[in-house]
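Chain by chain, the residues run as shown.
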Amino acid sequence: MTTLHSIEIKAFVPARDYALSQRFYADLGFEQKSDSHGVSYFVHGQCSFLLQDFYHPQLAENLMLHLLVSDAAAWHLLAQGVAQRYAVQLGPLTEQAWGMLDFCLYDPCGVLWCIGQNR
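Keep in mind the model is a prediction, meaning the values are calculated, not measured.

Procedures and definitions
- Residues numbered from 1 in each chain as written.
- Predicted model: local features only at pLDDT ≥ 70, side-chain atom pairs only at ≥ 80, totals over all residues.
- Heavy atoms only, no water.
- 1 Å grid on protein atoms, 1.4 Å probe; cavity = no way out; pocket = protein on both sides within 12 Å on 5 of 7 lines; lining within 4 Å.
- Points joined across faces, edges and corners; volume = space filled by probe spheres on them.
- Helix = DSSP H or I, 4+ residues; strand = E, 2+ residues; numbered from the N terminus.
- Buried < 20%, exposed > 50% of the residue type's maximum accessible area, 1.4 Å probe, protein only.
- Lys, Arg positive; Asp, Glu negative; His and termini not counted.
- Salt bridge = Lys/Arg side-chain N within 4 Å of Asp/Glu carboxyl O.
- Polar contact = N/O pair within 3.5 Å; in protein donor to acceptor, adjacent residues only side chain to side chain.

Visitor: What is the right way to read the layout of surface pockets from this model?
Guide: If a probe the size of a water molecule is rolled over the atoms, the empty space left behind becomes visible. Estimated volume of the largest pocket: approximately 290 Å³. The wall of the largest pocket is formed by 14 residues, among which Ile9, Cys47, Ser48, Phe49 and His66 lie closest to the centre. Those elements that place two or more of their residues in the lining of the largest pocket are β4 (47-52) and β5 (64-68). When residues in the lining of the largest pocket are grouped by element, the largest group, four residues, is from β5.

Shown next, in the form of structure tokens:
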């Protein structure tokens, strides 16, 4: 009998300006672990994603990622400076009816990140 085990799932996040997006995610607190052949591996805690030197508007403008954190207010404070520096849209910190405190942040090519904490 075979037992199936999942190890990890990573999203490929597009970048219109690869170098700009690398700086954006580093400033947001993600550590760039590698960069090879147009793909950068970014990590924060136990979470990671792959930034790719690839851009297609329909992909970027319709991709939404959710990052669950332990302190959404601290992330929102950090995101305020990052949003100003990169001229990207940042939403307000909101207490949701479903028991989450969260906010939305767009990256430089239009990918939507929802960052929140369970209450």
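More follows now that the structure is in view.
Visitor: How do you make sense of the side chain of Asp102 when you look at a structure like this?
Guide: Within the fold, Asp102 resides in strand β7 (residues 100-106). One buried charged side chain, Asp102, makes no salt bridge at all; its nearest oppositely charged neighbour is Arg119, positioned 9.8 Å away. Polar contacts involving the side chain of Asp102 include one to the side chain of Gln96, which spans 2.8 Å.

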